[in-house]
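# Observations on chain architecture
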Amino acid sequence: MKKSSLIILICISLSIKAISQNPIIKHIYTADPTARVYNGKLFIYPSHDVPWDKEWEKLGAVKEGHGHVMTDYHAFSTSDLVNFTDHGVIVAQKDVPWGNKVGYGMWAPCITYKNGMYYYYFPNTPEDKSGFRQIGLATATQPEGPFSIEPNYIKGLKGIDPNPFIDDDGQAYMYWGGGKGNSLKVVKLSADMKSIQGEIVSIKDLPQEYKEGPFVFKRNEVYYLTFPHNLDTKKSTEEIGYAISKSPLGPFEYKGTLMDRFKDCWTNHHSIVQYKKQWYMFYHHNDISKAGNLRSVCVDSLFFNTDGSIQKVTPTLRGVGLLSATDTIQIDRYSRIHDAKVDFIKGVGVPEWKVTKTKPDSWVQFNSVNFDTKIKFIKLQIANSGRTGTIEVWENTIKGKLIANVKIDNTGGKWKNIQTKIKHKPKGVVNIVCVFKSEKENDLEIDWLLFSKKK
Ligand code: FUB
């Protein structure tokens, strides 16, 4: 067996599972997600942010000024938008024949499928110094790989953020960004998907700002070109906008904003996909690191208006996906909150948060929990530094039905797992609201809760 195949197999066997809510991937930093539906599953192909390691400088690595350090790509999949499987590394800079082995420039990738083959396009720092980034191709017969990397980059596609799109007539196009003039470009791909054909078109009539990360999809005969853009890469963060056309080559008409600028993460980069009849936008933010170069992939629902225009997507902590009442419900990924805060729990490996700074009558609402399962008990992970307290758990609103009234003793501020019999069992999908009845501010903290059949 070839060494590269062995590495790929080891990576696959390291697949791990992660429970969702935003950010959906927490055990590594991920950005620039492309989401696609293959074989009934939703796959995510993000880039992978890593912190700079000074040791690499001894090998000739030079940290680029913008701060992004990206060494390889993972693939993820899910069938319920709650549990995500990490399929491990699918392409790494050390294995790219044409790449600088210490370039750390594996920016936003994208994938498409044609005639039994998956075509994975990725930007990387070229060894021959022919440009800031060149765009390469890796192919596979399964969406999670193993991928085989083409010996050379695709001539003529110098730049970043490749986005292949295949029209209904089978013609493939490549959209991408980078380079002079802040423009997004499009060109036809040849039938083997390995080279370009025809003229490169610079897409006009978009906002006259920095643009990158094009993502194109077609719905009801309309071509949607969606893309992040910002006023000034040094001063402003990126918003995601969109434009439409009747042709994949344009002209495109700019229609407005899909996601507003974040205050504190200067890039955003997204993809849009329909899965099980619902549209979603995958994007990234820096919730975990608070740094611009260590980002985390998130997902929220996207809705079209009847005229085909797209409603602005609101980034949430709750994210998407229906949780079962017996899943671990991280209520710090709330839908609504009143008079309480969320903070990291210190000293745990994978980032976890808690609801904290609760006051008497603070509440937290968590939407879409499925109670179509047998339950008798509620279990909570809490810490209480006050004398006594209570957490009331309500169905839908505090004027709804009381699911449980959980008495809390003083845990000396330490995390403790407690459980109580429920008073009322909701039916179907409901929102739950937890009301904190503490004696003074910060008495009660909660990490998670779940319902169970047995003690
Ligand atoms: O992740 C590196 C670069 O930042 C991407 O290629 C851009 O789209 C931006 O997200």
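Fair warning: this is a prediction, and the values are worked out from it, not measured in the lab.

### Let's talk about the pairing of strand E2 (residues 29–38)
Among the 10 residues of E2, eight are classified as buried, and the element is accordingly described as predominantly covered. In the sheet, E2 pairs with strand E3 (residues 41–49) via eight bridges, with the strands oriented antiparallel. By the bridge assignment for E3, Ala-31 is matched with Ser-47. What sits between E2 and E3 in their antiparallel hairpin is a turn of two residues, with Asn-39 showing a positive phi close to 50°.

### Quick look at the site of the ligand
Every residue near the ligand is listed here: Asp-32, His-68, Met-70, Trp-107, Ala-108, Asp-161, Glu-212, Thr-267, His-269, His-284 and Arg-295. Measuring from an oxygen atom of the ligand, one finds a side-chain N or O atom of Asp-161 at 2.5 Å. Between the ligand and His-269 there is a distance of 2.7 Å, counted from an oxygen atom to a side-chain nitrogen or oxygen. For the ligand, whose unbound accessible area comes to 270 Å², protein coverage reaches 99%. Of the residues belonging to the shell around the ligand, the class tally is three nonpolar, four polar and four charged.

### Some details on the sheet that holds strand E21 (residues 296–302)
The strand order E19-E20-E21 describes an open sheet built from three strands, whose pairing is antiparallel. One side of each edge strand has no neighbouring strand; the edge strands of this open sheet are strand E19 (271–275) and E21. Adjacent strand axes in the sheet meet at a mean angle of 30°, parallel and antiparallel pairs treated alike. Relative to strand E20 (residues 278–285), E19 is paired through five bridges, and the arrangement is antiparallel. Pairing of Tyr-275 across the sheet is with Gln-278, part of E20.

### Focus: the packing of aromatic side chains
One pass over the full model with this rule turns up 28 aromatic pairs. Aromatic pair Tyr-38 and Tyr-118: ring centres 4.7 Å apart, planes at 80°, arrangement edge-to-face. With Tyr-38 in strand E2 and Tyr-118 in strand E7 (residues 117–124), this pair connects stretches of sequence that are 80 residues apart. Accessibility expressed as a relative area gives 8% for Tyr-38, which makes it buried. Among the residues examined, Tyr-118 registers a relative accessible area of 4% and is labelled buried. Residues Phe-165 and Tyr-223 carry aromatic rings whose centres are separated by 5.9 Å and whose planes lie at 85° to one another, so their mutual orientation is edge-to-face. On the criterion of sequence distance, the pair formed by Phe-165 in strand E10 (residues 160–166) and Tyr-223 in strand E16 (residues 222–230) is long-range, its members being 58 residues apart. For the pair Phe-165 and Tyr-223, a shared accessibility class is recorded, and that class is buried.

### Comments concerning the domain arrangement of the protein chain
Taken as a whole, the protein chain is organised into domain 1 (3–302) and domain 2 (323–452). Each of domain 1 and domain 2 has a C-alpha centre, and the two are 37 Å apart. With eight residues of domain 1 in contact, the opposing surface of domain 2 contributes nine residues. Where domain 1 abuts domain 2, roughly 770 Å² becomes buried across the two surfaces, and 72% of that area is made up of carbon and sulfur atoms.

What counts, and where the lines are drawn
- Residues numbered from 1 in each chain as written.
- Predicted model: local features only at pLDDT ≥ 70, side-chain atom pairs only at ≥ 80, totals over all residues.
- Heavy atoms only, no water.
- Buried < 20%, exposed > 50% of the residue type's maximum accessible area, 1.4 Å probe, protein only.
- Helix = DSSP H or I, 4+ residues; strand = E, 2+ residues; numbered from the N terminus.
- Pairing = 2+ DSSP bridges.
- Near = heavy atom within 4 Å.
- Polar contact = N/O pair within 3.5 Å; in protein donor to acceptor, adjacent residues only side chain to side chain.
- Areas by Shrake-Rupley, 256 points an atom, 1.4 Å probe, with all protein chains shown as cover.
- Nonpolar A, V, L, I, M, F, W, Y, C, P; charged D, E, K, R; others polar.
- Axes fitted to C-alpha atoms, helices over the stretch in contact; angles between N-to-C directions.
- Phe/Tyr/Trp six-rings, centres within 6.5 Å; stacked < 30°, edge-to-face > 60°.
- Domains from an automatic or database assignment.
- Contact = heavy atoms within 4.5 Å.
- Buried area = accessible area lost by both parts, 1.4 Å probe.

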